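Given next are the chains, with one letter for each unit.
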Amino acid sequence: MTTQKLSDSALLSQTKSLVREETRLTTEILYHLREIEARKLFCALGYSSLFEYAVKELGYSESAAQLRIDSMRLLRELPQVEAQVQSGELTLSVLVQAQKFFRQEAKLGRPVSVTQKQEVVQSLEGKSTREAERTLLAMSPEPEKHRPETVRPVSADFSEVRLNLSNETLENLEKLKGLLAHQFPEMTLSDLVTYLAKRALKELDPAQQEVRAKASVGTSEVKTIPAAVKREVWRRDGSRCTYVDPVTGRRCESRHRLQIDHRIPKGLGGGNDLANLRLLCSQHNAFEAARVYGRETIQTFWRL
Ligand SMILES: [Zn+2]
């Protein structure tokens, strides 16, 4: 039936029931996402995170994906609020605001306990996102530190970044500008960040490192791989994860927490030669470990 033919009262009541259905479906999707995350199914498809899977595979916008994943995580922590979400008394956007607030408070050294979280979330019942934001900010001794960082593209090659810096950091940046002034007299903040990023990468990106007599690295496993071989692995693999979904051929694009992995594990006789080494992100490293050592063993670890 087309909506034009509906009576006013039918139109209103059907809309209401559709919204109820929408809420029910959204909650259902959260549970599915939760299980996909627990089984790490996004890994098999070549994604390095549930977020990437939700955007690229499910077609959500970045903010819609983040909204669902954040809500799912908070619901996992506070299963008691599920009923309010299902009844529509708590909207997902309010839930997500609360989640972001708790995360930022923890980052600022004020972790919020589960009981407190429960109380806070309950106090947000029936509130609009703006009212919820006000309520939450009033609870923090440092509300100014809750402004989110944003990155907004302004052209094909440039983005506008909004972020909060402490006065101390600003002073440090000014000092750096002063020190570099003889080399770059008209340096803007943007030039300085570009300069610092390049310099830090030169130091931290293994693909860019010069040969060193003995690189000091964390694990004993990596220690035995010669520095030149390590550098070559990073260079060859383009400083990205090399996992490829055997079905779709999709390669993981992650640059996050890359580790050198032995294709044939050392325990099974694999060596430190270039052909046996590859870069994997931490998710795919764990995923491959599960494939080699058995899903059950590793899944116990994942669920912790
Ligand atoms: Zn990966």
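Residues numbered from 1 in each chain as written. Predicted model: local features only at pLDDT ≥ 70, side-chain atom pairs only at ≥ 80, totals over all residues. Heavy atoms only, no water.

With that settled, consider the confidence of the model for the protein. Chain-level pLDDT for the protein is 87 on average; 91% of the residues reach the 70-or-more range. Element-level pLDDT for the protein is lowest in helix α11 (residues 220-223), with a mean of 48, against a maximum mean of 96 in helix α3 (residues 50-56). Of the regions scoring below 50 in pLDDT, residues 212-222 engages in nine contacts with residues more than four places distant in sequence or in other chains. (pLDDT = per-residue confidence, 0-100. Helix = DSSP H or I, 4+ residues; strand = E, 2+ residues; numbered from the N terminus. Contact = heavy atoms within 4.5 Å.)

On to the pattern of salt bridges. By the definition in use, this model includes 17 salt bridges. With a closest N to O distance of 2.4 Å, Arg73 and Glu37 form a salt bridge. Linking Arg73 in helix α4 (residues 62-77) with Glu37 in helix α1 (residues 8-39), this pair joins segments that are 36 residues apart in sequence. By relative accessible area, which is 30% here, Arg73 ends up partly exposed. The residue Glu160 makes a salt bridge to Arg152 at a minimum N-O spacing of 3.4 Å. Salt bridges sharing partners connect three or more residues here, namely Glu52, Lys56, Arg250 and Glu253. (Salt bridge = Lys/Arg side-chain N within 4 Å of Asp/Glu carboxyl O. Buried < 20%, exposed > 50% of the residue type's maximum accessible area, 1.4 Å probe, protein only.)

Attention now goes to the environment of Asp245. Summarising the element assignment, Asp245 is placed in the loop between α12 (227-236) and β3 (259-262). In this structure Asp245 comes out as buried when scored by relative accessible area, which is 3%. Considering only alpha carbons, one finds Asp245 and Ala44, 201 residues apart in sequence, at a separation of 6.0 Å. Sequence-distant contacts of Asp245, defined by excluding residues within four places in its chain, comprise Ala44, Leu45, Gly46 and Arg250. There is a polar contact of 2.8 Å between the side chain of Asp245 and the backbone nitrogen of Val247. (Polar contact = N/O pair within 3.5 Å; in protein donor to acceptor, adjacent residues only side chain to side chain.)

The next subject is the nonpolar core. Within soluble globular proteins, side chains that are nonpolar generally end up buried alongside one another. Core analysis: the largest hydrophobic core is formed by 45 residues, its most contacted members being Leu50, Leu90, Leu95, Phe102, Val121 and Leu124. Broken down by element, the residue count for this core peaks at six residues, all from helix α6 (residues 92-107). When residues of this core are sorted by domain, at least three fall in each of domain 1 (3-146) and domain 3 (220-302). What Leu90 contacts, discounting residues up to four positions off in sequence, is Val81, Gln84, Val85, Leu95, Val121, Leu124 and Glu125. (Core = buried A, V, L, I, M, F, W, Y, C linked by side-chain atoms within 4.5 Å. Domains from an automatic or database assignment.)

Glancing now at α12. Taken together, the buried positions of α12 are Val229, Lys230, Arg231, Val233 and Trp234. Following α12 by one or two positions, Gly238 has its phi on the positive side, about 65 degrees.

So, on to unusual backbone geometry. Notably, Ser239 is not glycine yet its phi reads approximately 55 degrees, a positive angle. The class of Ser239 is buried, set by a relative accessible area of 9%. Positive phi values are uncommon outside glycine, yet Arg257 reaches one of about 45 degrees. Position of Arg257 among the secondary structure elements: in the loop between α12 and β3. With relative accessibility at 56%, the residue Arg257 sits in the exposed group.

With that settled, consider the domain arrangement of the protein. For the protein, the domain assignment lists domain 1 (3-146), domain 2 (150-205) and domain 3 (220-302). Averaged C-alpha coordinates put domain 1 and domain 2 at centres separated by 34 Å.

Nonpolar side chains collect at one region of the surface, where Val151, Val161, Leu163, Leu165 and Leu170 lie side by side and expose about 420 Å² of accessible area between them. Locating Leu163 in the fold gives a position in the loop between β2 (159-162) and α9 (167-180). (Patch = residues over 30% accessible without salt bridge, like charges linked within 9 Å, V, L, I, M, F, W, Y side chains within 5 Å. Areas by Shrake-Rupley, 256 points an atom, 1.4 Å probe, with all protein chains shown as cover.)

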